[in-house]
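Single-letter residue listing:
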Amino acid sequence: MNTVTSKDGTKIAYDKIGRGPAVILVAGALCSRSFWSGPELAELLAPHFTVYNYDRRGRGDSGDTKPYAVEREVEDIEALIDEAGGAAYLYGHSSGASLALEAAIKLGGKVKKLAMYEAPYNDDDEAKRAWKEYTNQLTNLLAANRRGDAVALFMELVGTPADQIEAMRHAPTWPLFEAIAPTLAYDHSAILGEDASVPTERAAIVTTPTLVMNGGASYAFMYDTAQALGKAIPNAQVRTLEGQTHDVNPDVLAPVLMEFFSG
């Protein structure tokens, strides 16, 4: 494990593997650097790139200086980019893709290319109403320190059956989820915003070459979101990974990223 110090003094923990141009992996909600597909993806990319897989603030071995702001997480990415030599490729998954988008907007040429997989924006009116209800409930649960219930609420949102959620509450991994439950507010209330609608105006600011991906076997709205982002970002291409769900297989994703980052 390595650490880098962000602009506000927060220590950000990361693992580094491989040789070549830098790629920074940005995880989504309820993930830490060792608790998502990042390590496997890093291994696959390592023959061609130097891969940085890090704990976002409030997770794993990274600090969590208050108050939270999306800008602080962008500064965390900037600190990693500076550590990597001043420029890097970014890959973000789910809400991590939304954070990577913000980094590309604010860091300009430091982000050489941006790859996004299924940033969970949704322009459907009913989805927007459900999102507002969810974030209100999430805020109340976290304020009451009901971390387990906050995790369960998120899992319910993404379609996990109630019996599976109840079983997971008794699994050894549940305390890991509870430990980083407050970061759900970072991803959802802060990064994705009030109604999680597609941020087309902000996306239009991105100047870096961008790959917007969705899974062919994932939620139907993810296709529409990818198309909307692809139209909004000036230098973007859109690609559907056939047969992939929201939990994309690293063996399928890695060759796509290698082609895009090397092209």
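Computed from a prediction, not measured in an experiment: that's the story for all the values here.

**Quick look at a nonpolar patch on the surface**
Part 1: A cluster of nonpolar side chains, Leu-157, Val-158 and Tyr-219, forms an exposed patch at the surface whose accessible area comes to about 230 Å².
Part 2: Along the chain, Tyr-219 turns up in the loop between strand S7 (210-215) and helix H10 (220-232).
Part 3: You can call Tyr-219 partly exposed: its relative accessible area is 38%.

**As for the pairing of S7**
The side chains of a regular strand alternate, first on one face of the sheet and then on the other.
Part 1: With six of six residues buried, S7 is to be regarded as a mostly interior element.
Part 2: Residue alternation in S7 divides its side chains into two sets, Thr-210, Val-212 and Asn-214 and Leu-211, Met-213 and Gly-215, and both sets are buried.
Part 3: The sheet contact formed by strand S6 (residues 111-117) and S7 spans four bridges and is parallel. Residue pairing for S7: Met-116 is matched across the bridge by Val-212.
Part 4: By the bridge criterion, six bridges tie S7 to strand S8 (residues 236-241) in an arrangement that is parallel. Along S8, the bridge assignment pairs Val-212 with Val-238.
Part 5: The parallel pair S7 and S8 is bridged by H10, and the resulting crossover is right-handed.

**Considerations on the sheet that holds strand S5 (residues 88-93)**
Part 1: Overall, mixed pairing links the eight strands, which are arranged S1-S2-S4-S3-S5-S6-S7-S8 in an open sheet. Of all strands in the sheet, those bounded by a partner on one side alone are strand S1 (2-5) and S8. Going from strand to strand, the sheet's axes swing by 25 degrees on average, the running direction of each strand aside.
Part 2: Pairing of S5 with S6 involves six bridges; the strand directions are parallel. Residue His-93 lies in a different strand from S6, and its bridge partner there is Tyr-117.
Part 3: Contacts from helix H3 (residues 95-107) reach strand S3 (22-26), strand S4 (50-54), S5 and S6, with the element oriented near 155 degrees to S6.

So, how was this worked out
- Residues numbered from 1 in each chain as written.
- Predicted model: local features only at pLDDT ≥ 70, side-chain atom pairs only at ≥ 80, totals over all residues.
- Heavy atoms only, no water.
- Patch = residues over 30% accessible without salt bridge, like charges linked within 9 Å, V, L, I, M, F, W, Y side chains within 5 Å.
- Areas by Shrake-Rupley, 256 points an atom, 1.4 Å probe, with all protein chains shown as cover.
- Salt bridge = Lys/Arg side-chain N within 4 Å of Asp/Glu carboxyl O.
- Helix = DSSP H or I, 4+ residues; strand = E, 2+ residues; numbered from the N terminus.
- Buried < 20%, exposed > 50% of the residue type's maximum accessible area, 1.4 Å probe, protein only.
- Pairing = 2+ DSSP bridges.
- Right-handed = clockwise from strand over helix to strand, strands pointing away.
- Axes fitted to C-alpha atoms, helices over the stretch in contact; angles between N-to-C directions.
- Contact = heavy atoms within 4.5 Å.

What is shown is where atoms sit, not what they do.
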